[in-house]
Structures are given as C-alpha cells and as structure tokens.
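Residue-level structural notes
So you can see what is in the structure, the chains are spelled out below.
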Amino acid sequence: NFFKIFALASTTVLGSFILSNLQPIKQAEAQIRGRKYSFRSYNFRNHYIGHANYLGIIGVPRAIDTNATFRLRDGLADPDCISLESVNFPGHFLAHADYRIRLSANDGSKGFGQNATFCQREGLAGKGISFQSFNYPSFYIRHRYFELWLDRADGSQRFLKDATFIRERGRY
C-alpha cells in the first residue's frame, strides 16, 4: 500500500520539501476512536479547528461553541487513518473540496470517503499532530487567515506551524 510505505519512510520528499522521520501517530489509537476532541492551533493558541456556515475555520471557543468539537472516527477510506465527525451535526465530516475544508454530510461515496480521511502525523512544527490528506499525501490541513485549507507542504516555518494542532479533550 503506497500510503503505508509513504508514512514509514524515514525521509520523505513532498514536492521540493523534505520531511524527516514522518511517522503516523499510533499511541493508543484504538482507545481514542469514538471520543470527542478539540484541536487547538499550534501558533494561534486560543483558536481551535471548527466550522461556521459549513466551512472549516479556526476560531476562539466562545465564538464557535460546539462547532469546535469532533468525534474521531475510523477513516472513511482507510481505518488506519481518521475522519473528523462534527459533534453537533452527526453524520457530517470535515472534508476537502476544491482544497477548502468544509463540513459536509457523508453521502457514502468513495470520493467523499477519501476527501474526509486524514492520516494523523507527528506535528510538522515538532509538537502536536498534523492531518495529512489520504488521497493527496503531500497535502495537509492548515489554516490561512483563520480558514482551513488543504495545502501542499512547502517547508516554510509558517506552513509547518499553520499545519500543526494540539489534540485536547473535547471542549463540549
């Protein structure tokens, strides 16, 4: 499987950017599935992954309330990865479409499953976690101007920080 080989490589080239020791997050993986989590931005420490008007954002918890809590599910396209299901909109997942992260209802299609599946990786900034796209493995969820996008890793310090999140117990 290409994705497993890709994840286990000790040095992986993503475009012109080299990531060393890119490893999947495996710690107690089975124990965290189904639980509620919030994901704090590494570089905007009072902002969390959330959704507003069905678009992925980072925002402050009091402004986005329950929109900042997700249930970790087995990846819809690969159970070794994860999908993020909204707590307040069950059956809706963060997924990419036209490189924008959106909250969308699971239509059961193979394409949706792939777009809503992300592999947790060691945080690109050296701490936390990063979400690697299942079907575009050189792309990661990152925030830009408080919006969530799926962007190709470019190796810049800004990208590394924007694509890193700290998993915390669900806020709601």
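Residues numbered from 1 in each chain as written. Predicted model: local features only at pLDDT ≥ 70, side-chain atom pairs only at ≥ 80, totals over all residues. Heavy atoms only, no water.

**Some remarks on the pattern of salt bridges**
Keep this limit in mind: Here, a salt bridge means any Lys or Arg side-chain nitrogen found within 4 Å of an Asp or Glu carboxyl oxygen. Elements are defined by DSSP. Helices are runs of H or I of four residues or more, strands are runs of E of two residues or more, and each kind is numbered from the N terminus. Think of it in three bands: with a 1.4 Å probe and only protein chains considered, a residue is buried below 20% of the maximum accessible area for its type, exposed above 50%, and partly exposed in between.
The tally for this structure, following the rule as stated, stands at six salt bridges. Residue Arg-73 pairs with Glu-85 through a salt bridge whose shortest N-O separation is 2.6 Å. Linking Arg-73 in strand β6 (residues 70-74) with Glu-85 in strand β7 (residues 82-86), this pair joins segments that are 12 residues apart in sequence. Given a relative accessible area of 31%, Arg-73 falls into the partly exposed group. Of the charged contacts in the structure, one is a salt bridge between Glu-147 and Arg-100, with a shortest N-O distance of 3.9 Å. Of the two residues, Glu-147 sits in strand β13 (residues 147-152) while Arg-100 sits in strand β9 (residues 100-105), which places them 47 residues apart along the sequence. Among the residues examined, Arg-100 registers a relative accessible area of 6% and is labelled buried. Within this structure, Arg-142, Arg-144, Asp-151 and Asp-162 form a network of salt bridges that share partners.

**Thoughts on the state of the cysteines**
Let me state the cut-off plainly: Disulfides are defined in this document as cysteine sulfur pairs within 2.5 Å.
Inspection of the entire model under this criterion finds one disulfide. Covalent S-S linkage joins Cys-81 and Cys-119, the inter-sulfur distance amounting to 2.0 Å. Across the S-S bond of Cys-81 and Cys-119 the torsion is about 65°, and the bridge reads as right-handed. Of this pair, Cys-81 sits in the loop between β6 and β7 while Cys-119 sits in strand β10 (residues 118-122), and the two are 38 residues apart along the sequence. Its relative accessible area of 5% is what places Cys-81 among the buried residues. Overall, the relative accessible area of 4% leaves Cys-119 in the buried class.

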